[in-house]
Amino acid sequence: MSVPAPPPPPPDGPRPPVPKPVPKPTPDTLPFWEGAAAGELRVQRCTACARHYFYPRPACPRCGSQDVEWVATGGRATLYSYVISHRPAPGFEHEGPYAIAVVELEEGVRMMTNIVNVEATPENLVLDMPLRVVFEERGGVRLPLFEPAYEPAAEAAEG
Amino acid sequence: MSVRIVIAGAAETDELGKLPHMSATQLHLQAARNALADAGLGKDDIDGVATVGTPGPIQIAHALGITPAWLDGTGVGGSSFLFHVRHAVAAIRAGLCHTVLITHGESGRSRVGAPRFAPAPDSLPGQFEAPYGVLGPATTFTLTALRYMKETGLTHEQLAEVAVAQRRWSHLNPRAMMREPITVEDVLASRMVAYPFHLLECCLVTDGGGALVVTSEERARALGTPRPPVYVLGSGESAESPIISQMEDFTTSAAFRRAGEAAFAEAKISHADVDHLMIYDAFAHVPIYGLEDLGFVGRGEAGAFIAEGHTSPGGRLPMNTNGGGLSYTHTGMYGMFAIQESVRQLRGEAAAQVPGVEVSVVLGNGGMFASAATLVLADREG
Ligand SMILES: [Zn+2]
């Protein structure tokens, strides 16, 4: 529960860039990351109570059933909440302020992500706005991020 | 009638703040010695030790020369010391030990002998939080606030008022790190850390420690502990999600609610009985959740309640009277300091003493709304 001290000022001269953190899959989470690599946002679904859930776990957190399966989601979500970080984590130094968000998938589950392809300002980021998943290649893993999804009517009007 | 349990000794480290000359272990041990002195006891009077993770109860007991018959290493974040008090109450009542020493020491600012924060890349936060550029609690604990603001109408000014109210208390406290009075404008003009949180809405980062001695009322009398006993009338503990994204409702903490209900029920008190309140305040929104989740105000009412001055000096529900994590001190696991201030208020020896405190409630948070514990403390038996 503390605000970490800002990173020390860079010494003179170029430094090798610090990479952004790369997730390392485990046996229980591997289907999620395999799905991302295939361009699909997958979560688990309980076949007993028909609910989706996230993060990966071997049994349904609601009814306890182990009769669960991995399913592809539609990749559509709404913006549940967020912060705009003004103190970059290692690897994010050149981003400018960036949005760390929790999004709610149409399937009813929430996950942390970044909102990309839009400048991170309170005006641009309105709670409950529609979003869609995009994937970013990072260190051999593809990471699900979200971007604003415009209504079909608006797209039609544009084009 | 169950055995009555008291806090017979309580003390913090000699200094709080920036202490690069002391390791985390030294902070534990100094706090422990101070608490033992406060209780008028020696190490051989202690047969139970509780503390968090690094360095942990084995090392603390060994370093102090205590032979433990009971250990508790519960490490569930900044609330852990409230858990330790609750567990010590149960252990003493069960006859597992007689007198428990609970210690906290953390080199949160100077990081001397302190563990590193970064999660392993294959851990839950390593896979589902760290890749998104989170940098500690300032970018995770804070994530709930905009949803709360949208659903309740809490304003940015009301969020800032939490910091203003607590600075009114720390202004009266010579040991507080930040004492200069501030206004809402000052808060909103301070540097943005993680929108909507400005620097003055985020806790301090300090070095320090504290310790408690918990025993039965009967043994405290037999040992002749010199300080007014503080009775543990009730306690509760709970947990929700290990990662903030899975908190069920971003506008209310289920763990706060459950821990509070259990403590109030055991203590057989109502809200009207509470003279003084400590709510863990790592960030300005947390006391708002705490006031509502403990049931002191209705949903969406806490921001106005604080802004109207009800928790400030002279208000009807004095809260975070040491200045809190925002203005007093925050080593990283602040819960110990919240308990210390309740003990001081109940003994009548606080720097910003509230007149006539008989019942004080402490709500501790661990992680990012991950764990919670509540204590109901009193200057008299239940
Ligand atoms: Zn199920």
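Conventions and cut-offs
- Residues numbered from 1 in each chain as written.
- Chains lettered and ligands numbered in written order.
- Predicted model: local features only at pLDDT ≥ 70, side-chain atom pairs only at ≥ 80, totals over all residues.
- Heavy atoms only, no water.
- Helix = DSSP H or I, 4+ residues; strand = E, 2+ residues; numbered from the N terminus.
- Contact = heavy atoms within 4.5 Å.
- Areas by Shrake-Rupley, 256 points an atom, 1.4 Å probe, with all protein chains shown as cover.
- Salt bridge = Lys/Arg side-chain N within 4 Å of Asp/Glu carboxyl O.
- Buried < 20%, exposed > 50% of the residue type's maximum accessible area, 1.4 Å probe, protein only.
- UniProt positions renumbered as here; feature names shortened; annotations may be inferred.
- Polar contact = N/O pair within 3.5 Å; in protein donor to acceptor, adjacent residues only side chain to side chain.
- Pairing = 2+ DSSP bridges.
- Core = buried A, V, L, I, M, F, W, Y, C linked by side-chain atoms within 4.5 Å.
- Donors = N, O, S within 2.8 Å, 3.2 Å for Na, K, Ca; no water.
- Tetrahedral: all angles 85-135°; square planar, octahedral: opposite > 155°, others 65-115°.
- Axes fitted to C-alpha atoms, helices over the stretch in contact; angles between N-to-C directions.
- pLDDT = per-residue confidence, 0-100.
- Expected span 1.5 Å × (residues − 1).

**So, the overall build of chain A**
Each helix and strand counted, chain A has two helices and eight strands in total. Written out in order from the N terminus, the α and β elements of chain A read α-β-β-β-β-β-β-β-β-α. In chain A, of all internal contacts separated by at least 6 residues, the share reaching a separation of at least 24 is 51%. Here chain A displays about 8100 Å² of accessible surface, and carbon together with sulfur accounts for 54% of that area.

**Examining the pattern of salt bridges**
If you walk through the whole model with that rule in mind, you get 27 salt bridges over all chains. Glu104 of chain A is the partner of Arg110 of chain A in a salt bridge, and the nearest nitrogen-oxygen pair spans 2.9 Å. A residue is classified by how much of its surface remains accessible, and Arg110 of chain A, at 15% relative accessible area, is buried. Between Arg344 of chain B and Glu12 of chain B there is a salt bridge, and its shortest N-O distance comes to 2.9 Å. With Arg344 of chain B in helix H13 (residues 335-347) and Glu12 of chain B in strand S1 (residues 5-12), this pair connects stretches of sequence that are 332 residues apart.

**Thoughts on the UniProt feature "domain: Thiolase C-terminal" (unreviewed entry) in chain B**
The UniProt record annotates "domain: Thiolase C-terminal" (unreviewed entry) at residues 236-378 of chain B. Helix makes up 32% of residues 236-378 of chain B and strand 17%. Its end C-alpha atoms lie 16 Å apart.

**What about the interface of chain A and chain B?**
Counting residues at the interface gives 45 residues for chain A, matched by 55 residues for chain B. For the interface between chain A and chain B, the tally reads two salt bridges. Viewed at the interface, chain B and chain A are joined by 19 residue pairs in polar contact (both at pLDDT 80 or more). Counting residues per element, the ones that place at least two in the side of chain A that touches chain B are helix H1 (30-37), strand S4 (76-85), strand S5 (98-105), strand S6 (110-115) and strand S8 (141-148) of chain A. Pairing between S4 of chain A and strand S5 (residues 192-195) of chain B: two bridges, direction antiparallel. Within S5 of chain B, the position partnered with Ser85 of chain A by the bridge is Ala194 of chain B.

**Some thoughts on the nonpolar core**
Among the nonpolar cores identified, the biggest contains 149 residues, and Leu79 of chain A together with Ile7, Leu291 and Ile339 of chain B are the most heavily contacted of them. Counting residues per element, this core draws most heavily on helix H3 (residues 80-93) of chain B, which supplies eight residues. Those residues in contact with Ile7 of chain B, other than ones at most four positions away along the chain, are Leu212, Val213, Val214, Pro228, Pro229, Val230, Val232, Ile339, Val343 and Leu377 of chain B. Of all hydrophobic cores here, the second largest spans 17 residues; its members include Ala39, Ile60, Ala61 and Leu64 of chain B.

**Some remarks on the coordination of the zinc ion**
Metal coordination angles have textbook ideals: 109.5 degrees for a tetrahedral set of four donors and 90 or 180 degrees for an octahedral set of six. All names here are of chain A. Bound to the zinc ion are the protein donor atoms Cys46 (SG), Cys49 (SG), Cys60 (SG) and Cys63 (SG), situated 2.3 to 2.4 Å from the metal. Around the zinc ion sit four donor atoms, and with donor-metal-donor angles ranging over 102 to 122° the site reads as tetrahedral. In the primary sequence, the donor residues of the zinc ion line up as C-x2-C-x10-C-x2-C. Using a relative accessible area of 30% as the deciding quantity, one classes Cys49 as partly exposed.

**Thoughts on the pairing of strand S11 (residues 371-378) of chain B**
Residue and element names in this part refer to chain B. Of all eight residues that make up S11, eight are buried, and the element is covered over most of its length. Both faces of S11 are covered, namely the face carrying Ser371, Ala373, Leu375 and Leu377 and the face carrying Ala372, Thr374, Val376 and Ala378. Sheet analysis places strand S10 (residues 359-366) next to S11, joined by eight bridges and oriented antiparallel. Residue pairing across strands places Asn365 opposite Ala372, the latter belonging to S11. Hairpin connection of S10 to S11: four residues between the antiparallel strands, including Gly367 at a positive phi of 65°.

**Let's talk about helix H5 (residues 145-152) of chain B**
Burial in H5 of chain B covers these residues: Ala145, Leu146, Arg147, Tyr148 and Met149 of chain B. Packed against the buried residues of H5 of chain B are S4 of chain A together with helix H6 (156-170), S5, strand S6 (197-198) and helix H10 (285-293) of chain B. Positive backbone phi, approximately 85°, marks Gly153 of chain B, located one or two places after H5 of chain B.

**Some remarks on the sheet that holds strand S8 (residues 230-239) of chain B**
Residue and element names in this part refer to chain B. Pairing in this open sheet of nine strands is mixed, and the strands run S3-S2-S4-S7-S1-S8-S11-S10-S9 from one edge to the other. Of all strands in the sheet, those bounded by a partner on one side alone are strand S3 (70-72) and strand S9 (276-279). For this sheet the average axis-to-axis angle between neighbouring strands, irrespective of direction, equals 25°. Against the sheet, helix H1 (residues 24-39) engages S1, strand S4 (99-107) and strand S7 (207-216), with an angle of about 145° to S4.

**A word on the sheet that holds strand S1 (residues 42-46) of chain A**
Note on sheets: strands pair through backbone hydrogen bonds, and any given pair is parallel or antiparallel. All names here are of chain A. Strand order in the open sheet made by the three strands is S2-S1-S3, with antiparallel pairing throughout. Looking at which strands have only one partner, the edges of the open sheet turn out to be strand S2 (52-53) and strand S3 (68-72). When S1 meets S2, the two strands line up antiparallel, connected through two bridges. In the sheet register, Arg45 faces S2, and the bridge partner there is His52. The sheet strands contacting H1 are S1 and S3, and the helix crosses S1 at an angle near 135°.

**Some thoughts on the UniProt feature "domain: ChsH2 C-terminal OB-fold" (unreviewed entry) in chain A**
As recorded in UniProt, the sites labelled "domain: ChsH2 C-terminal OB-fold" (unreviewed entry) are residues 70-136 of chain A. Helix and strand shares over residues 70-136 of chain A are 0% and 51% respectively, and the end C-alpha atoms of the span are 21 Å apart.

**Side note on the confidence of the model for chain A**
Across chain A, pLDDT averages 90, with 84% of residues at or above 70. For the stretch residues 155-159 of chain A, pLDDT sits under 50, and the model shows two contacts to residues farther than four places along the chain or on other chains.

**A short note on H13 of chain B**
Because each turn of an α-helix spans 3.6 residues, side chains separated by three or four positions end up pointing in the same direction. Residues and elements named next belong to chain B. The terminal C-alpha atoms of H13 lie 19 Å apart, and with 13 residues this matches the ideal 18 Å at 1.5 Å per residue to within 8%. By the criterion of burial, H13 is predominantly enclosed, with 13 of the 13 residues buried. Count one or two residues on from H13 and you reach Gly348, which has phi positive near 80°.

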